[in-house]
Amino acid sequence: MPTLTDSGVTSPAPSEAPKARARRPLRGNPTANFWLFTGPFMIGLAIFVYLPIGWSLWLSFFDARFTVTPSEFIGFDNYRYMLTDDGFTGSLVTFTVFAAFIVPTTWALALGLALMVNRLRFMRAFFRSVFFLPTAVSYVAASLIWKMSIFSGVRFGLMNTVLGWFGVDGIAWLAGPEPPWYWLVIVTVRLWLQAGFFMILFLAALQNIPQELYEAAAIDGAKPGWQTFRYITLPQLRATSTAVVLLLLVQAYQAFDEFYNLLSRTTWGRPPLVELYETALGENQDYGAGSAGAMILTLLICVVTLLQGRFMGFGRGEEAK
Amino acid sequence: MTTTAPGTRKSRTPRRVRRGGVMGSAGLYAATSVAAVLFLVPFYLIVRNALSTDADITGAEWQFFPTDIQWGNVTEPFSDSTVDFARSLWNSAVVGVLHTLGTLLVASLAGYGLARIPYRHADKVFYAVLGTLMVPTAVTFVPSFVLVSSLGWVDTYRGLIIPGLFSGFTCFLFRQYFLGFPKELEEAARVDGLGYWGAYWRVVVPNSLNFFAAIATITFISGWNAFLWPLVIGQDPSAWTIQVALSSYMTNQTVNFHLMFMATAISILPLVFVFLFLQRWLVQGIAQTGIKG
């Protein structure tokens, strides 16, 4: 059974073959044309991506408060400051907790929705659209709905109203770090926004599973439902699942909008980017320490993206298509 | 049964093996409907709150629908003195459109050059693009702000738009797409005596409009919904985008429920239209490209 699966999925596309055949290029000098096409983009990349990173690396070794022109060289002091700062290390803890909540829940919900939608025989497009629609909404707008209406701590918030119907007292969802109700708010808002997007990815993957596998399994006596899901669907979705998990992880790392808007100006529940924002653009405007923090975060995320590249084939050129 | 090329199966959704029967089917539709209702609750709240009076919203009993629909609320964000809502909408429209056009232009040209123009060091240039994929732009907002502020671009359209144009990921997607572009079409352009530039605009782009539409939709949505960079750049309210304006409602001294929900509704409306009319391209685009993101 597994060999059948493998040969069916990994057999190379036949279009690779004619690559070796020599062909005459279009009229004109290729080198000049290459730079005509890529020049604008590469110049922009150099100025707006590479230059800032380099400058920031430079700044991170200097004392630079309220100014972006460094004054005094202080070596690794900014790094030492950030790594021993409770706020910064706390933000890494916050990210870890957040990832532990959001990655499995989004994965499971997106897959569940995809499985349901995939089995529908009519109104499939309608339900797909409904689950996909939240992707259009911004994190700011969603945060506003969550903070001001659904999880509003006052009596007329939706959740507190529903609790009231069951005779339960209202909860101040976002008022403080203890009890940590705010996690429910933070996680559900992102879940609602993201699930539809990843459902689309799972749907595409589900429709690429060869139907013969299910037929063969049925002949072999596999019961529809859990058995086929566990031994056929799930293994066939492995590549997509891995990609989804890594994407979710990288996106959770960059969470800013909903934390900033739901927990505005609190000292608790800050993920890395909010912490960085407060350091560099808050009251102290400490660009040196902020730059050091950015460098640390970049290093950390490079590890994850390198891993992601491994799994998803960045840089493997032609075969990645 | 063993060696059908994988591509041939993709075209049509295979019929499912029937299972369950009427009861199972009813259960499936019931579960899907419950999930759909839950997903629609936030939209319901926007509409309800936007068209209610604050008295209805804050009343002791939950009002499922406004007792008296307040159509007059529609114009209120535009005449509110605390936030220049119209200005922020305009800023978002300008930034969204220019961001999309600019990104599409530079990234598609570069993607084509990298994919199709034979140049000895093309692989090294490509690695320089790939290198930026390692570092998500959100993490580098401090360095970028440092640069943009020393250029004096804070509170300007330039500052809002230009630093975001050079997306390594979009360039990567275009390159991957052009690698699969049919060589025969370029061949025809060559026979017609066209150079690279002419072939690109007369043959390649007109035959790639579906892909351009998919990338444009995704780029526009992310541009319209962006918050962190506009927040950093828009120090003065006159340079706020719609997202920064919405965010400011939440921290205002006086809470005006129907006003902030009406503003939210108006901010979402253009994207809901984009979704309803361009969903085909969007879904295609995500299915093709999202997995590589």
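Bear in mind the structure is a predicted one, so any value in this text is a computation, not a measurement.

Conventions used here
- Residues numbered from 1 in each chain as written.
- Chains lettered and ligands numbered in written order.
- Predicted model: local features only at pLDDT ≥ 70, side-chain atom pairs only at ≥ 80, totals over all residues.
- Helix = DSSP H or I, 4+ residues; strand = E, 2+ residues; numbered from the N terminus.
- Buried ≥ 20, exposed ≤ 12 C-beta atoms within 10 Å, placed from the backbone.
- Axes fitted to C-alpha atoms, helices over the stretch in contact; angles between N-to-C directions.
- Contact = placed C-beta atoms within 7 Å.
- Nonpolar A, V, L, I, M, F, W, Y, C, P; charged D, E, K, R; others polar.
- Core = buried A, V, L, I, M, F, W, Y, C linked by C-beta atoms within 7 Å.
- Domains from an automatic or database assignment.
- Parallel < 35°, antiparallel > 145°, perpendicular 65-115°, else oblique.
- Left-handed = near helix turned anticlockwise from the far one by under 90°.
- pLDDT = per-residue confidence, 0-100.

Focus: the overall build of chain B
Regarding its fold elements, chain B presents 15 helices and zero strands. Evaluated residue by residue, chain B yields a buried proportion of 41% over its 293 residues.

Let's talk about the packing of helix 5 (residues 85-116) of chain B against helix 14 (residues 242-251) of chain B
Geometrically, a packed helix pair is captured by the angle between its two axes and the distance between the axes. The geometry of helix 5 of chain B relative to helix 14 of chain B is characterised by a closest axis approach of 7 Å and an angle of 145° between their N-to-C directions. Two secondary-structure elements touch here, helix 5 of chain B through Phe85, Ser88, Leu89 and Ser92 of chain B and helix 14 of chain B through Ile242, Val244 and Ala245 of chain B.

Considering the interface of chain B and chain A
How big an interface is tends to be expressed through the accessible area that disappears when the partners come together. Contact residues are listed per partner, giving 103 residues for chain B and 102 residues for chain A. Sort the elements by how many residues they give to the side of chain B that touches chain A and helix 15 (residues 257-289) of chain B lands first, with 12 residues. Taken together, the residues of the side of chain B that touches chain A break down into 68 nonpolar, 28 polar and seven charged.

Re the nonpolar core
One finds Phe41, Ala110, Ala142, Met199 and Phe202 of chain A together with Ala110 of chain B to be the most contacted residues of the largest nonpolar core, which totals 156 residues. Taken together, domain 1 (19-77) and domain 2 (80-292) of chain B each give at least three residues to this core, which thus spans both. For Phe41 of chain A, the contacting residues outside a window of four places in its chain are Val106, Ala107, Leu109, Ala110, Phe166 and Cys171 of chain B.

Describing the domain arrangement of chain B
All names here are of chain B. Domain assignment breaks chain B into domain 1 (19-77) and domain 2 (80-292). Contacts between domain 1 and domain 2 engage 13 residues on the former and 12 residues on the latter. Looking at the side of domain 1 that touches domain 2, the elements that each hand over two or more residues are helix 2 (22-50), helix 3 (54-57) and helix 4 (76-79). Here the side of domain 1 that touches domain 2 takes four residues from helix 2, the largest share from any one element.

Examining unusual backbone geometry
Cis geometry is adopted by the peptide bond preceding Pro179 of chain A, which originates at Glu178 of chain A and carries an omega value of -10°. Inspection of the secondary structure assignment puts Pro179 of chain A in the loop between helix 7 (158-165) and helix 8 (182-207). Of note, Met123 of chain A is a non-glycine position whose phi angle comes to about 65°, a positive value. Tracing the backbone through its elements, the reader meets Met123 of chain A in the loop between helix 4 (86-119) and helix 5 (124-132). A positive phi angle, close to 65°, is found at Asp155 of chain B, a residue other than glycine. Position of Asp155 of chain B among the secondary structure elements: in the loop between helix 7 (141-150) and helix 8 (157-161). Its 17 C-beta neighbours within 10 Å are what place Asp155 of chain B among the partly exposed residues.

Topic: the packing of helix 2 (residues 30-59) of chain A against helix 5 of chain B
Look at helix 2 of chain A against helix 5 of chain B: their axes get within 8 Å of each other, and the N-to-C directions meet at 130°. The orientation of helix 2 of chain A relative to helix 5 of chain B falls into the category oblique. In this structure, helix 2 of chain A meets helix 5 of chain B at a crossing whose hand is left-handed. Judged by residue contacts, Phe34, Phe37, Thr38, Pro40, Phe41, Met42 and Gly44 of chain A of helix 2 of chain A engage Val106, Ala107, Leu109, Ala110, Tyr112, Gly113 and Leu114 of chain B from helix 5 of chain B. Class assignment for the residues of the contact of helix 2 of chain A with helix 5 of chain B results in 11 nonpolar, three polar and no charged.

Considering the confidence of the model for chain A
All names here are of chain A. Averaged over all residues, the pLDDT of chain A is 82; the fraction at 70 or higher stands at 87%. The model gives residues 1-22 a pLDDT under 50, and that stretch makes 13 contacts with residues more than four places away or in other chains. Counting interchain partners and residues more than four positions distant, the pLDDT-below-50 stretch residues 314-321 has 13 contacts.

A closer look at the environment of Trp240 of chain B
Residues and elements named next belong to chain B. Considering the arrangement of structural elements, one finds Trp240 in the loop between helix 13 (228-233) and helix 14. Classification of Trp240 as buried rests on a count of 25 C-beta atoms within 10 Å. For the pair formed by Trp240 and Leu151, sequence separation is 89 residues and the distance between their alpha carbons is 19 Å. Sequence-distant contacts of Trp240, defined by excluding residues within four places in its chain, comprise Ser88, Asn91, Gly234 and Ala245.

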